[in-house]
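Take a look at the letters that make up each chain.
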Amino acid sequence: MSDEIQYTDINKSFEAAVEKSKIIEADLLVNPKKYRVLTGDRPTGNLHIGHYFGSLQNRVRLANLGVPTMILIADYQVLTDHDAFDKISQNTKQLVIDYLAAGLNPEKQDVIIYPHSYVPECNQLMLPFLTLVSNAELSRNPTVKEEIESAGLKNVNAGMYTYPVHQACDILFCKGNIVPVGKDQLPHLEMTRTIANRFNRKFCLDMGKEPVFPEPQALLSKTPMILGLDGSQKMSKSRNNAIMLCATEDETAKMIKKAKTDGERNITYDPVNRPEVANLLMLISLCTKETPEAIAARIGEGGGGMLKNTLTEALNEELRPLREERKRLEAQPDYIRQVLLNGAEKAREIGIKTLNEVRERMNMMI
Ligand code: TRP
């Protein structure tokens, strides 16, 4: 394979991706229909406020701008890094409830929500795509390596090494060109672009035909990373430092009471030296839209207690409509299922078209 994927240092490609994101953001406002957003989550559990501020709000914003948006639930991907699969269906439906409650609405916006296991045309791209990357490229993917290491996996299944190729199928089957993701997904986007380019070269341009696939770009969200309530690591349900969207107001208050702060009474915004306090101030700021500095100045000698009370109130108020909507949706399992089935049907229509183009380019049409 010539021109091996180099996987630019995530931190370096991060800077470049941030710059590109700014240009795309400006154009999205003017030409929303030029784009198709494709993004998604693994169905491993309910979403928390890190997802809400980090990605959900952004998806809702894009959908409301009129950008055609595909939200996929990566159920197959769960099999690559989780032994347990008994809750996939339940988690998938919970994800849909979180999406809808946050303001995504397939009936009112150009939004399609579906599990990728229900779109065979997407999965079918996997076979030609696997022939376009080398084993070495798969095993050098920094995000995959990191996942293997942090999970302490000894016997790594082939799905773990190949899921980034499936992610390329997810993005390319619908010709997605904008992928709102976090930094850790940048290597997968490099692989997706490489696969798109190699396919376009080998099966299209070199044969004097029109290319099939776009070159998808990451859209990095502006929200700074949200730390867990311990203030030291990323918010995540498994680390027990997360506030879930589905939590009650009391549960939210209790979680925040236990949040880590520091010994200093006077509240100041100092992310470097006081990361725990800064994180709580940032969360309040995300709810009230005031700057963290202004909130800190207002609380001042009120100390950690007042900081926590302010956050509890702001967050519960911010999430109240979402949580009410969640309850309403939980009582409608048939509707949730229908959203997924309708989404899968629409996704398949798109996938059938792409797969036909792909077959034609590969000289497999009968
Ligand atoms: N890999 C993503 C994650 O672990 C989930 C995912 C699968 C995804 N396919 C995608 C994200 C396509 C964006 C685009 O969270």
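Right above here is the structure, for reference.
Sequence order as written defines residue numbering, which begins from 1 separately in each chain. In view of the model being predicted, local features appear only for residues whose pLDDT reaches at least 70, and side-chain atom pairs are presented and counted only at 80 or more, with totals across whole chains, interfaces and linings using the full set of residues. The basis for the side-chain values is all heavy atoms of the structure; hydrogens and waters are excluded.

Focus on helix α4 (residues 88-102)
Note on conventions: DSSP H or I runs of at least 4 residues are helices, E runs of at least 2 residues are strands, and numbering of each starts at the N terminus. Expected helix span is taken as 1.5 Å per residue step, with the number of steps being one fewer than the number of residues. With 15 residues, α4 should reach 21 Å at 1.5 Å per residue; the first-to-last C-alpha distance of 21 Å fits that figure. Whether a residue is buried, partly exposed or exposed follows from its accessible area with a 1.4 Å probe, protein chains only, as a fraction of its type maximum: under 20%, in between, or over 50%, in that order. Counting buried positions over the 15 residues of α4 gives twelve, a clear majority of the element. Among all positions in α4, only Ile-88, Asn-91, Thr-92, Gln-94, Leu-95, Val-96, Ile-97, Asp-98, Tyr-99, Leu-100, Ala-101 and Ala-102 are buried. A positive phi of about 120° marks Gly-103, the residue just after α4.

Considerations on the nonpolar core
Counting 52 residues, the largest nonpolar core has Ile-49, Phe-53, Tyr-99, Ile-113 and Leu-315 as the members making the most contacts within it. Here the element with the most residues in this core is helix α12 (residues 275-288); it accounts for eight residues. Here, nonpolar core means buried Ala, Val, Leu, Ile, Met, Phe, Trp, Tyr and Cys residues that are tied together by side-chain atoms lying within 4.5 Å of each other. Counting 44 residues, the second-largest nonpolar core is a separate cluster that includes Val-133, Leu-138, Phe-199 and Phe-213.

Quick word on the site of the ligand
Near the ligand there are 13 residues, and of these Arg-42, Gln-77, Gln-167, Asp-170 and Gln-185 occur at the shortest range. Note that a nitrogen atom of the ligand is positioned 2.9 Å from one of the side-chain N or O atoms of Gln-167. As used in this structure description, the phrase polar contact means that two N or O atoms lie within 3.5 Å; if the pair is within protein, one of them must be able to donate a hydrogen and the other to accept it, and residues adjacent in sequence are counted only when both atoms belong to side chains. Taking Asp-170, its side chain carries an N or O atom lying 2.8 Å from a nitrogen atom of the ligand. Relative to its unbound accessible surface of 370 Å², the ligand loses 93% to contact with the protein. Looking at the shell around the ligand, the elements with two or more residues in it are β1 (37-41) and α9 (158-172). The near set for a molecule or strand comprises every residue that places at least one heavy atom within 4 Å of it. Accessible surface area values rest on a Shrake-Rupley calculation with a 1.4 Å probe, where residue burial reflects the displayed protein chains alone.

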